[in-house]
Amino acid sequence: MLNSLPSPMLCEMLAFAGYDFVILDLEHLLRSEEDIMHCVRACEAAGISPWLRMAQVDEKLIGRALDAGIETIVLSRTESAVQVQRAIEAAFFPPLGKRGMTGGRITGFGRLPLPEYIDLANRQTPIIPMIESRAGVDALGDILQLDGVGMIMEGALDLALDLGLGPDPLNPRVWQTLQGMADACLGAGVAFCANPRTVEQNALWRARGVRSFLAGEDRGLLHNALKARLHSLQQQ
């Protein structure tokens, strides 16, 4: 679930509702690092994986986020393998990358020996590019060749805008492009994360073997639920 309402309690609610991961959004929201830290603690306590979506590759922020307990970095509007490689280098310790070392909370303040933590961190795949433009689609083949990419996530709405189709994520041309992205991921052995917008899309993705899904964003779901509740009371 994409978290667009900054709230540690909402992160806990998503965990207890059964979701596997929550993406704390830094692309479209102004939120402080202190707020993100509170949400990370809530996720850890409730048992849901905290991810962070970034608007651009910021090597220092990637390092701080991982040090704080963020498990995965989602890169919005990824358009080149160079972008992804920079993020990978920021997320991995030498010799795989350039991430700096700290003995803070991520190691239990020293309980986990540094060599063990470095080995553990360098066996993860914490970078997830979002493909949301024609340039991103064109670069996908090169991106999939990089070690450290854990998954590819689609962004059909922004893709539709970039293709000149307006805010129409259900456009047949967008759907065809998403199918091609999924095929490329399958061929490279990298997971593809779909964002089903209809019951039919969900069924088609599952029939294709897709098992990772973005369930939308909490803001829209909560707003719709509030409106539906009000409407149900007004009709009585």
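Residues numbered from 1 in each chain as written. Predicted model: local features only at pLDDT ≥ 70, side-chain atom pairs only at ≥ 80, totals over all residues. Heavy atoms only, no water.

*Asks:* Tell me about empty space enclosed by the protein, and name the residues and values.
*Replies:* For the structure shown, the criterion picks out 1 cavity of 30 Å³ or more. Taken as a whole, the largest cavity spans an internal volume of roughly 30 Å³. Met54, Ala55, Gln56, Val57, Leu75, Ser76, Thr78 and Gln83 are the residues that line the largest cavity. Within the lining of the largest cavity, the residues separate by chemical class into 4 nonpolar, 4 polar and no charged. (1 Å grid on protein atoms, 1.4 Å probe; cavity = no way out; pocket = protein on both sides within 12 Å on 5 of 7 lines; lining within 4 Å. Points joined across faces, edges and corners; volume = space filled by probe spheres on them. Nonpolar A, V, L, I, M, F, W, Y, C, P; charged D, E, K, R; others polar.)

*Asks:* Run through the sheet that holds strand β6 (residues 151-154), naming residues and quoting values.
*Replies:* Judged by pairing direction, the sheet is parallel, and its 8 strands sit side by side in the order β1-β2-β3-β4-β5-β6-β7-β8 without closing on themselves. Taken across any chain shown, the strands that pair with only one partner, and hence form the sheet edges, are β1 (2-3) and β8 (212-213). Judged from the 3 bridges that link them, β6 and strand β7 (residues 191-194) form a sheet pairing that is parallel. Paired with isoleucine 152 across the two strands is phenylalanine 192, which belongs to β7. Each of β2 (21-25) and β3 (49-54) touches helix α2 (residues 33-46); the most contacted strand, β2, lies at about 175° to it. Each of β4 (72-75) and β5 (127-131) is contacted by helix α4 (residues 81-91), which is oriented at about 160° to β5, the strand it contacts most. (Pairing = 2+ DSSP bridges. Helix = DSSP H or I, 4+ residues; strand = E, 2+ residues; numbered from the N terminus. Contact = heavy atoms within 4.5 Å. Axes fitted to C-alpha atoms, helices over the stretch in contact; angles between N-to-C directions.)

*Asks:* Can you explain the UniProt feature "domain: HpcH/HpaI aldolase/citrate lyase" (unreviewed entry) in the protein chain? Please cite residues and give values.
*Replies:* UniProt records the feature "domain: HpcH/HpaI aldolase/citrate lyase" (unreviewed entry) at residues 7-192, using the numbering of this structure. Within the segment residues 7-192, helix and strand shares are 47% and 14% respectively, and the terminal C-alpha atoms sit 28 Å apart. (UniProt positions renumbered as here; feature names shortened; annotations may be inferred.)

*Asks:* Go over the pattern of salt bridges with me, naming the residues and quoting the values.
*Replies:* Counted according to the given criterion, the structure contains 15 salt bridges. Here aspartate 25 makes a salt bridge to arginine 53, at a shortest N to O gap of 2.9 Å. Here the residue aspartate 25 occupies a position in strand β2, and arginine 53 occupies one in strand β3, the gap between them amounting to 28 residues. One exposure class covers both aspartate 25 and arginine 53, and it is buried. With a shortest N-O distance of 2.9 Å, arginine 86 and glutamate 59 are connected by a salt bridge. In this pair, arginine 86 sits in helix α4 while glutamate 59 sits in helix α3 (residues 59-68), placing the two residues 27 residues apart along the sequence. (Salt bridge = Lys/Arg side-chain N within 4 Å of Asp/Glu carboxyl O. Buried < 20%, exposed > 50% of the residue type's maximum accessible area, 1.4 Å probe, protein only.)

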